[in-house]
Amino acid sequence: MQDNQVVMLSDLDYLHACIAEARAAEHDGEVPIGALIVHNGEIIARGQNRVLRDHDPTAHAEIVALRHAARALANYRLPEGCTLYVTLEPCAMCAGAILHARVARLVYAAPDPKAGACGSVLSVLNHPQLNHQVEVTSGLLAEECGQLLTAFFRARR
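Conventions and cut-offs
- Residues numbered from 1 in each chain as written.
- Predicted model: local features only at pLDDT ≥ 70, side-chain atom pairs only at ≥ 80, totals over all residues.
- Heavy atoms only, no water.
- Phe/Tyr/Trp six-rings, centres within 6.5 Å; stacked < 30°, edge-to-face > 60°.
- Helix = DSSP H or I, 4+ residues; strand = E, 2+ residues; numbered from the N terminus.
- Buried < 20%, exposed > 50% of the residue type's maximum accessible area, 1.4 Å probe, protein only.
- Pairing = 2+ DSSP bridges.
- Axes fitted to C-alpha atoms, helices over the stretch in contact; angles between N-to-C directions.
- Expected span 1.5 Å × (residues − 1).
- Contact = heavy atoms within 4.5 Å.
- Polar contact = N/O pair within 3.5 Å; in protein donor to acceptor, adjacent residues only side chain to side chain.
- Disulfide = S-S within 2.5 Å.
- Parallel < 35°, antiparallel > 145°, perpendicular 65-115°, else oblique.
- Left-handed = near helix turned anticlockwise from the far one by under 90°.
- Nonpolar A, V, L, I, M, F, W, Y, C, P; charged D, E, K, R; others polar.

A. Main features of the packing of aromatic side chains. One pass over the full model with this rule turns up two aromatic pairs. Seen in terms of ring centroids, Tyr-14 and Tyr-85 are 5.0 Å apart; in terms of plane orientation they differ by 40 degrees. Their pairing is tilted. Note that Tyr-14 is positioned in helix H1 (residues 11-27) and Tyr-85 in strand S3 (residues 83-88), a separation of 71 residues in sequence. Tyr-14 sits in the buried class, given a relative accessible area of 3%. Their ring planes at 80 degrees and their centres at 5.1 Å tell us that Phe-152 and Phe-153 sit as a pair that is edge-to-face. On the basis of relative accessible area, Phe-153 is assigned to the partly exposed category, the value being 37%.

B. Inspection of the sheet that holds strand S2 (residues 42-48) at higher detail. The sheet built from five strands is open, its strands ordered S2-S1-S3-S4-S5 with mixed pairing. The outermost strands of the open sheet, each flanked by one partner alone, are S2 and strand S5 (135-138). Looking at each pair of strands side by side, their axes are set apart by 15 degrees on average, direction ignored. Relative to S5, strand S4 (residues 105-110) is paired through four bridges, and the arrangement is parallel. Each bridged residue has a counterpart across the sheet, and for Arg-105 the counterpart in S5 is Glu-135.

C. Broad picture of H1. Compared with an ideal rise of 1.5 Å per residue, which puts 17 residues at 24 Å, H1 spans 24 Å between its outermost C-alpha atoms and is within 8% of the ideal. Within the sequence span of H1, burial applies to Asp-11, Tyr-14, Leu-15, Ala-17, Cys-18, Ile-19, Glu-21, Ala-22 and Ala-25. Gly-29 sits one or two residues past H1 and shows a positive phi near 85 degrees.

D. Quick look at helix H3 (residues 61-73). Over its 13 residues, H3 runs 18 Å from end to end, which matches the ideal 18 Å to within 8%, given 1.5 Å per residue. Turning to H3, its buried residues number three or more, namely Ala-61, Glu-62, Ile-63, Val-64, Ala-65, Leu-66, Ala-69 and Ala-70. In the core, the buried residues of H3 are packed alongside strand S1 (34-39), S2, S3 and helix H4 (92-101). Ala-74 sits one or two positions beyond H3 and adopts a positive phi of about 55 degrees.

E. Examining the side chain of Glu-30 more closely. Topologically, Glu-30 is positioned in the loop between H1 and S1. In terms of polar contacts, Glu-30 uses its side chain to reach the backbone amide nitrogen of Leu-52, at 3.0 Å. Discounting residues that sit within four places of it in the chain, Glu-30 has contacts with Ala-25, Asn-49, Arg-50, Val-51, Leu-52, Arg-53 and Phe-152.

F. Representation of the state of the cysteines in the model. For the coordinates displayed, the defined rule picks out zero disulfides. The closest cysteine sulfur to the non-disulfide-bonded Cys-18 is located on Cys-145, 7.8 Å from its own sulfur. Look at Cys-18 and you get buried, because its relative accessible area is 0%. Sulfur of Cys-82: no disulfide; nearest cysteine sulfur belongs to Cys-18 and is 14 Å away. Residue class for Cys-82 comes out buried when judged on its relative accessible area of 0%.

G. Geometry of the packing of H3 against H4. Across the interface, H3 lies against H4 with an axial gap of 9 Å and an inter-helix angle of 20 degrees. In this view, H3 runs roughly parallel relative to H4, as classed from their interaxial angle. In terms of crossing hand, the pair formed by H3 and H4 is left-handed. Of the residues in H4, those in contact with Glu-62, Ile-63 and Leu-66 of H3 are Met-93, Cys-94, Ala-97, Ile-98 and Ala-101. In terms of residue class, the contact of H3 with H4 is built from seven nonpolar, no polar and one charged.

Structure follows, in structure tokens:
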């Protein structure tokens, strides 16, 4: 490959990077959830659950990644074409933040049957009265990400 060629990663590649973030969170005693934000094929922010470490109920992986992206871009509204990847379906808080940040696309692995706000329990995204719509892709690597969470909680019991 020539030096000037750009390697485009796939949704699966980015979700594997999210899994690495989730494993790092687990290593630090957090629920293993990882996220990242991609713009024009480049990872511009990473996040992992930091609720326990930061003593912050809002420090979900998605929020951490959104904060990093906003700071990096010096704007709370992300540019067109940003995709948020996450290992677990976002909750209502995170879905609201996704809307406010104007994320264009969300890709999540495992559904959250207890608190998912992107179709499982609630449908916060893409309500017809909202002025922003998010393209949602789900289910990629769902089994692997679900097993990561199941093993984590089983070990805690």
